[in-house]
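# Secondary and tertiary structure notes
So the chains spell out like this:
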Amino acid sequence: MGSTPQSPAGVLKTQAYGTGRRKNAVARVFIRPGSGKIEVNGRPLENYFKNVAWLNRAIEPLKFTNTANEFDVLATVNGGGVGGQSGAVRMGLSRALSMFNPDLRQGLRNNGFLTRDSRMRERKKYGQKGARKRFQFSKR
């Protein structure tokens, strides 16, 4: 097969899809060969992720695999906050890259791009102000 992306039937792949999740955010990421245009919810990446850390986190898999100018990325994200959404895009992009080119999978796996971060918000408990915080205790 080599470096040409092909499906099992030997037909050239035109698109790959990956789902990413982080906290309460869910991202659906589609990649197709192109010039490096990245869109999140119909907006350019720089307009969606204003914070540089979030922007860098979202495109980290492309930088790691040196494929930043080879793919056009279309992502739809909902749920959670912007920070969680950037992590969801990162994971979805990693999964899509590994589907498009299985040779990249091992490198992505070894560097933690394909590992789901399972940390979630703890639920509020009854009789308390929040998950851990309690109402003020009065002895008398």
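The following paragraphs examine the structure supplied in this document. (Residues numbered from 1 in each chain as written. Predicted model: local features only at pLDDT ≥ 70, side-chain atom pairs only at ≥ 80, totals over all residues. Heavy atoms only, no water.)

### Some points on the overall build of the chain
Tallying secondary structure elements over the chain gives 4 helices and 5 strands in all. Counting helices and strands in the order they occur from the N terminus, the chain gives β-β-β-β-α-α-β-α-α. Against the globule reference of 14 Å for 140 residues, the chain gives a C-alpha radius of gyration of 19 Å, more extended than a compact globule. The buried share of the chain, taken over its 140 residues, is 34%. Considering only residue pairs separated by 6 or more positions, the chain has 66% of its internal contacts joining residues 24 or more positions apart. Accessible surface, the chain: about 9000 Å² in total, of which carbon and sulfur atoms supply 51%. (Helix = DSSP H or I, 4+ residues; strand = E, 2+ residues; numbered from the N terminus. Rg over C-alpha atoms; globule rule 2.2 N^0.38 Å. Buried < 20%, exposed > 50% of the residue type's maximum accessible area, 1.4 Å probe, protein only. Contact = heavy atoms within 4.5 Å. Areas by Shrake-Rupley, 256 points an atom, 1.4 Å probe, with all protein chains shown as cover.)

### Observations concerning the pairing of strand E1 (residues 16–22)
In terms of burial, E1 is largely enclosed, as 5 of its 7 residues are buried. With 7 bridges connecting them, E1 and strand E2 (residues 25–33) associate as antiparallel partners. Within E2, the residue paired with Arg21 across the bridge is Val26. Hairpin connection of E1 to E2: 2 residues between the antiparallel strands, including Lys23 at a positive phi of 55°. (Pairing = 2+ DSSP bridges.)

### A closer look at the nonpolar core
By size, the foremost hydrophobic cluster in this structure holds 28 residues, and its most contacted members are Ile31, Leu45, Phe49 and Leu97. Broken down by secondary-structure element, the contributors of at least two residues to this core are E2, strand E3 (38–40), helix H1 (45–48), helix H2 (52–64), strand E5 (71–78) and helix H3 (82–100). Ranked by the residues each element gives to this core, the list is headed by H3, at 6 residues. Excluding residues within four positions of it along the chain, Ile31 makes contact with Thr14, Gln15, Ala16, Phe71, Asp72, Val73, Leu93, Ala96, Leu97 and Phe100. (Core = buried A, V, L, I, M, F, W, Y, C linked by side-chain atoms within 4.5 Å.)

### A short note on the packing of aromatic side chains
One pass over the structure, following the stated rule, counts 4 aromatic pairs. Look at Tyr17 and Phe30: their rings are 5.0 Å apart centre to centre, the planes differ by 40°, and that puts the pair in the tilted class. Taken together, the residues span a long stretch of sequence, with Tyr17 in strand E1 and Phe30 in strand E2 at a distance of 13 residues. (Phe/Tyr/Trp six-rings, centres within 6.5 Å; stacked < 30°, edge-to-face > 60°.)

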